[in-house]
Amino acid sequence: MESFLSRIENIFRNSTSSDELFDAFRDAINTHVSDVDLYKILIGNPVLSADEIKMFTEKIVKEIPNQALNTYMWTANVFGHQKEDSEKLEDAIRYFQKSLECEPTN
């Protein structure tokens, strides 16, 4: 399993192919990988479009609901670091709001 996780991490970290990233993501989800830190590497991959980031984030939250706050915060920060694009700043705010909705008292 460790070599599988290393392979997935390598793809998430280094791939420039959306198709390869999607396939690796599907493999990780199908084998019930629940390490949210691994998925954060995927979400932070600069090759992904905003729509792909959103799609991956929502699927992660669906599959690992107890990590929703952590996942939404990470996605918000990924979008927030792209300050030159006002749409991505709006996406960051939306994901910060989603994280707040997960745990309003946090």
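Let me sum up the structure you'll find in this document. Not measured: the values here are computed from a predicted model.

### Comments concerning the packing of aromatic side chains
(1) Moving on: Applying the stated criterion to the full structure yields six aromatic pairs.
(2) Moving on: Plain terms: the ring middles of Phe12 and Tyr39 are 6.3 Å apart, the flat faces sit at 40° to each other, and that makes the pair tilted. With Phe12 in helix H1 (residues 2–14) and Tyr39 in helix H3 (residues 36–43), this pair connects stretches of sequence that are 27 residues apart. The two residues Phe12 and Tyr39 agree in class, both being buried.
(3) Moving on: On the basis of an interplanar angle of 50° and a centroid distance of 5.7 Å, the ring pair of Tyr72 and Tyr95 is categorised as tilted. Highlighted residues: Tyr72 in helix H5 (residues 68–80) and Tyr95 in helix H6 (residues 86–102), separated in sequence by 23 residues.
(4) Moving on: Given a relative accessible area of 5%, Tyr95 falls into the buried group.
(5) Moving on: Here the aromatic cluster, defined as three or more aromatic residues joined through ring pairs, consists of Phe12, Phe22, Phe25, Tyr39 and Phe56.

### Concerning the packing of helix H4 (residues 50–63) against H5
(1) Moving on: Between H4 and H5, the shortest axis-to-axis distance is 9 Å and the interhelical angle comes to 170°. Relative to H5, the element H4 lies roughly antiparallel. Judged by residue contacts, Ala50, Ile53, Lys54, Thr57, Glu58, Ile60 and Val61 of H4 engage Ala68, Thr71, Tyr72, Thr75, Val78 and Phe79 from H5.
(2) Moving on: Its residues placed into classes, the contact of H4 with H5 shows eight nonpolar, three polar and two charged.

### Remarks on the pattern of salt bridges
When charged atoms on two side chains of opposite charge get close, those side chains can pair.
(1) Moving on: Scanning the entire structure with this criterion turns up eight salt bridges.
(2) Moving on: A salt bridge links Lys40 to Asp37, with the shortest nitrogen-to-oxygen separation between them at 3.5 Å. Separated by three residues within a single helix, Lys40 and Asp37 lie in helix H3, roughly one turn from each other.
(3) Moving on: For Lys40, a relative accessible area of 14% puts it in the buried group.
(4) Moving on: The closest approach of N and O atoms between Asp91 and Arg94, which form a salt bridge, is 2.4 Å. On the criterion of helical spacing, the pair formed by Asp91 and Arg94 is a turn pair, its members being three residues apart in helix H6.
(5) Moving on: Residues participating in the shared-partner salt-bridge network are Lys54, Asp91 and Arg94.

Definitions and limits used
- Residues numbered from 1 in each chain as written.
- Predicted model: local features only at pLDDT ≥ 70, side-chain atom pairs only at ≥ 80, totals over all residues.
- Heavy atoms only, no water.
- Phe/Tyr/Trp six-rings, centres within 6.5 Å; stacked < 30°, edge-to-face > 60°.
- Helix = DSSP H or I, 4+ residues; strand = E, 2+ residues; numbered from the N terminus.
- Buried < 20%, exposed > 50% of the residue type's maximum accessible area, 1.4 Å probe, protein only.
- Axes fitted to C-alpha atoms, helices over the stretch in contact; angles between N-to-C directions.
- Parallel < 35°, antiparallel > 145°, perpendicular 65-115°, else oblique.
- Contact = heavy atoms within 4.5 Å.
- Nonpolar A, V, L, I, M, F, W, Y, C, P; charged D, E, K, R; others polar.
- Salt bridge = Lys/Arg side-chain N within 4 Å of Asp/Glu carboxyl O.

Read these as layout, nothing more, since geometry by itself doesn't imply function.
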